[in-house]
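Survey of secondary and tertiary structure
Each chain, written out:
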Amino acid sequence: IMNRKSHGAGVTALSADPFNSHILATGSYDERVRLFDLRFPVQRPLAETECLGDGSYHLSWNTSQKGVLGVAAMRSGLAVFLVGDDADALTEYGQYAAGAADGEHGSLAYGLSWQFQNTPSKDRVHIAASASFYDRSLHLWTMAYADST
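Given the structure is predicted, the values throughout are model-derived calculations rather than measurements. (Residues numbered from 1 in each chain as written. Predicted model: local features only at pLDDT ≥ 70, side-chain atom pairs only at ≥ 80, totals over all residues. Heavy atoms only, no water.)

1. Some words on the overall build of the protein
Within the protein, the secondary structure is distributed over 0 helices and 11 strands. Each helix and strand of the protein, placed in order from N terminus to C terminus, yields the pattern β-β-β-β-β-β-β-β-β-β-β. The 149 residues of the protein split such that 45% are buried. At a minimum sequence separation of 6, the contacts of the protein that also span at least 24 residues come to 44%. If you sum the accessible surface of the protein, you get close to 8,000 Å²; carbon and sulfur atoms cover 50% of it. (Helix = DSSP H or I, 4+ residues; strand = E, 2+ residues; numbered from the N terminus. Buried < 20%, exposed > 50% of the residue type's maximum accessible area, 1.4 Å probe, protein only. Contact = heavy atoms within 4.5 Å. Areas by Shrake-Rupley, 256 points an atom, 1.4 Å probe, with all protein chains shown as cover.)

Below, the structure written as structure tokens:
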């Protein structure tokens, strides 16, 4: 099974939703993230982001809260999206290192990972780690739990 019509440039990232085995997120050099239902892979995406400003190089689902997807978007920093219950919407929830100057952390964001928390609650925060190419560093940052997921 092949779907060559949904992406406008090379596909750079794939990530399966840990809470819904039918949903696959894809990232592309066409600067968008898309959600597909693996039961119907040749159909159009269920949801698609607006242009991120650079390629979506790495995708990471948060395993502590359903519907939270992080994106390392190269020169556009790191973005966090909330995914609708039916995977039919991608809503930007926050950004980290967006607009970083050349050579600073996030100026070429390549990696993102979430800390696993087995007892999440609304008064806690997500802890994320991000990697950047030019400054050769790892950053830890936090984000409040989303109320709508």
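2. Things to note about the sheet that holds strand β1 (residues 11–16)
Within the open sheet, the 4 strands sit side by side as β1-β2-β3-β4. Their pairing is antiparallel. If you trace the sheet from one side to the other, it starts and ends with β1 and β4 (47–48), each paired once. Both strand β3 (residues 33–37) and β4 contribute to a ladder of 2 bridges, which runs antiparallel. Note that in β4 the partner of R34 across the bridge is E48. (Pairing = 2+ DSSP bridges.)

3. Describing the sheet that holds strand β9 (residues 109–114)
With respect to topology, 3 strands assemble into an open sheet ordered β9-β10-β11, the strand pairing being antiparallel. Every other strand in the sheet has two partners, leaving β9 and β11 (137–144) as the edge strands with one partner each. For this sheet the average axis-to-axis angle between neighbouring strands, irrespective of direction, equals 25 degrees. The pairing of β9 with strand β10 (residues 125–132) spans 5 bridges and is antiparallel. Within β10, the residue paired with W114 across the bridge is A128. (Axes fitted to C-alpha atoms, helices over the stretch in contact; angles between N-to-C directions.)

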